[in-house]
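Observations on the three-dimensional arrangement
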Amino acid sequence: MEKRILIIGASGQIGNELTMYLRNMYSNKNVIASDLREASSLVMESGPFEILDAMDAKAIEKTVLKHNITDVYLMAAMLSATAEKYPIKGWELNMSSLFNVLNLAKDKKIEKVFWPSSIAVFGPTTPKTNTPQGTIMEPTTVYGISKQTGERWCEYYHKRYGVDVRSIRYPGLISYKTPPGGGTTDYAIEIFHKALKEKKYTCFLNAQTTLPMMFMDDAIHATVNIMLAPSHKIKIRNAYNLAALSFNPQELAANIQKHIPDFTIEYKPDFRQAIADSWPASIDDATAREDWGWEHRIDLDMMTKIMIDNLK
Ligand code: SER
C-alpha cells in the first residue's frame, strides 16, 4: 500500500527538513505537513499543508482520515529551556500530543508512528560518558521527564496494543535551514550566526560543557532509516540512543576560528547551564548500529564547514 505521511510540527527545526526529505522520497502529494503556524515557503509551496494543533485529538483524527494517513511523525514539542519556563504547558503539550497519536495507532487508524525522544531522558545520576542504552534515568527537567514518560508509554502501547512506534534519543541537532526554538543545545547554532555577523559570541554555557550533538542530515537519515527498517529489527520500543559528535563550546569555537580567525567567544552561563550539566557528555549508540544499521556520516570539521559555507 502507498505511504501517506502526516508530519505534525512541520514548521520546526526538524519538521521542516524532514518534510522536504520525505516529499522527495514519497512524492509531494503523499506527505502532508502540519503545524500551528505556517511553515517555510518551501514546505508551503511544495505540497499539502494543514493548520493543526497537536493537542487537538479530534482535529488530528480528522486530518488523518481526510488524507488516508498511514504514518505519523510527531515532531511538535516544547524543548528543554522553554519547558523550564512553562512547566505545566510543556508537560501538557509533550504528553497529550503523544497520546493523541498513539491512540490513533491503537485504534488502527494509522499504521506507524515516529516520536522523537532526547538525551534529556538522562539525568545527573546517569553515567556521563558513553551513556549506555539501558541505564539509570532520573531526568530533572520537565522536558526530560516528559520524554522519559513518553518512552515508557511508547513501549507500553507497543507491548499491550501492538502499536508500531519507533523512537530515537536525538542529541543536540545542528542545522542552518530552520532556526531551533528553546533548546539548551541551541548555542551550537547561534554561535555560527554570530561568528559570521559579529565575529563574537557570548555563550550561555561554560567553555567545558561537553554535550552530544549531530548535524541535521544525519538526524534525518536516522529518522527515515528507523522507519524503513523491518519491524522485527526494532527491538527497542522505548527509544534508541543515537550518537555522532561530542564537543564543548571551546572546541566548537576553535573549529570556527579555523575559518574565521578573528572570531572570539566569551562565556556567561545562565539557567541553561544546570540543564546541560544534568545531561550526558557522550552516548553509546551500539544498539542502534547493530539493530537497524545506524551510522553517522558528518564529523565536527565537516559540520563546521557546511554551516559556515551555507550561512555566509
Ligand atoms: N536539543 C534539545 C534541547 O536542548 C534536546 O533534545 O532541548
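The sections below set out a description of the structure shown in this document. The structure displayed is predicted, hence computed values, not measured ones.

**Structural notes on the overall build of the protein chain**
If you tally the helices and strands in the protein chain, you get 12 helices and 14 strands. Projected onto its principal axes, the C-alpha positions of the protein chain cover 55 × 45 × 35 Å. Within the span of the protein chain, comprising 312 residues, buried residues form 56% of the whole. Put simply, the protein chain shows about 13200 Å² of open surface, and 52% of that area lies on carbon and sulfur atoms. For the protein chain, the centre of its 36 positive side-chain charges and the centre of its 36 negative side-chain charges are spaced 3 Å apart.

**Description of the packing of helix 1 (residues 13–26) against helix 8 (residues 216–228)**
Interaxial distance between helix 1 and helix 8 falls to 10 Å at its minimum, and their mutual angle equals 55°. Here helix 8 runs oblique to helix 1, going by the angle between their axes. Pair helix 1 / helix 8 crosses with right-handed handedness. Across from Q13, I14, E17, L18, Y21, L22, M25 and Y26 in helix 1, the residues of helix 8 making contact are M216, D217, I220, H221, T223, V224 and L228.

**Topic: the packing of aromatic side chains**
Enumeration according to the criterion identifies 11 aromatic pairs in this entry. Seen from their ring centres, Y240 and W292 are 5.8 Å apart, and the 80° between their planes marks the pair as edge-to-face. Residue Y240 is found in strand 12 (residues 240–241), and its partner W292 is found in helix 11 (residues 286–292); the two are separated by 52 residues along the sequence. There is no split in this pair, since Y240 and W292 are both buried.

**Some details on the site of the ligand**
Near the ligand you find L79, S80, S118, Y143, G183, T184, T185 and W279, and these make up its full shell. In this structure, S118 approaches the ligand through a side-chain N or O atom, which is 2.6 Å from an oxygen atom. The separation between an oxygen atom of the ligand and a polar side-chain atom of Y143 is 3.2 Å. Surface burial for the ligand is 94%, taken as the share of its 240 Å² of free accessible area covered by protein chains. Residue classes in the shell around the ligand are distributed as three nonpolar, five polar and no charged.

**A word on the side chain of R4**
If you trace the backbone, R4 turns up in the segment before strand 1 (5–8). The buried charged residue R4 lacks any salt bridge partner; its closest oppositely charged side chain belongs to E2, at an N-O distance of 5.3 Å. At 2.9 Å, the side chain of R4 and the side chain of N30 are in polar contact. Only 2.9 Å separates the side chain of R4 from the backbone oxygen of H67, close enough to count as a polar contact. Residues contacting R4, with those up to four places away along its chain left out, are K29, N30, I32, H67, N68, I69, T70 and D71.

**Structural notes on the environment of H158**
Among the secondary structure elements, H158 is positioned in helix 6 (residues 142–161). When its relative accessible area of 24% is taken as the criterion, H158 is described as partly exposed. Residues H158 and A105, spaced 53 residues apart in sequence, show a C-alpha to C-alpha distance of 9.8 Å. In contact with H158, other than residues within four places in its own chain, are V163, V165 and R237. A polar atom in the side chain of H158 sits 2.9 Å from the backbone oxygen of V163.

**As for a nonpolar patch on the surface**
Taken together, the side chains of Y21, M25 and L228 define a hydrophobic patch exposed on the protein surface, amounting to about 260 Å² of accessible area. The residue L228 is located in helix 8 in this model.

How each quantity is defined
Along each chain, the written sequence defines residue order, and numbers are assigned to residues from 1. Only residues with pLDDT of at least 70 are given local features in this predicted model, and only at 80 or more are side-chain atom pairs given and counted; all residues enter the totals for whole chains, interfaces and linings. With hydrogens and water excluded, all non-hydrogen atoms of the structure serve as input to the side-chain values. Secondary structure elements are taken from DSSP: a helix is a run of H or I of four residues or more, a strand is a run of E of two residues or more, and numbering for both begins at the N terminus. Per-residue accessibility, obtained with a 1.4 Å probe over protein chains only, is compared with the maximum for each type, and a residue is labelled buried under 20%, exposed over 50%, and partly exposed between these values. Note on areas: Shrake-Rupley with a 1.4 Å probe; residue coverage comes only from the protein chains shown. Positive charges come from Lys and Arg alone, negative charges from Asp and Glu alone, with His and the N- and C-terminal ends not counted. The location of each charge is read from NZ of Lys, CZ of Arg, CG of Asp or CD of Glu. Note on method: axes are straight lines fitted to C-alpha atoms, helices fitted across the in-contact stretch only, with angles between N-to-C directions ranging 0 to 180 degrees. Orientation labels follow simple angle bins: below 35 degrees gives roughly parallel, above 145 gives roughly antiparallel, 65 to 115 gives roughly perpendicular, and whatever is left gives oblique. A crossing counts as left-handed when the near helix is turned anticlockwise from the far one by less than a right angle, and as right-handed when that turn is clockwise. Note on definitions: a residue-residue contact is assigned when non-hydrogen atoms from the two residues lie within 4.5 Å. Between 30 and 60 degrees the pair is tilted, below 30 it is stacked and above 60 it is edge-to-face, where a pair is any two Phe, Tyr or Trp rings, Trp via its six-membered ring, whose centres lie within 6.5 Å. Throughout, near means a residue has at least one heavy atom within 4 Å of the molecule or strand. N or O atoms closer than or at 3.5 Å make up a polar contact, with two conditions inside protein: a donor-capable atom paired with an acceptor-capable one, and, for residues adjacent in sequence, both atoms drawn from side chains. Any residue outside Ala, Val, Leu, Ile, Met, Phe, Trp, Tyr, Cys, Pro, Asp, Glu, Lys and Arg is labelled polar, Gly included; the first ten of those are nonpolar and the last four are charged. When a carboxyl oxygen of Asp or Glu is within 4 Å of a side-chain nitrogen of Lys or Arg, the pair counts as a salt bridge. Without a salt bridge and with relative accessible area above 30%, a residue can belong to a patch; like charges are then joined within 9 Å and nonpolar side chains (Val, Leu, Ile, Met, Phe, Trp, Tyr) within 5 Å.

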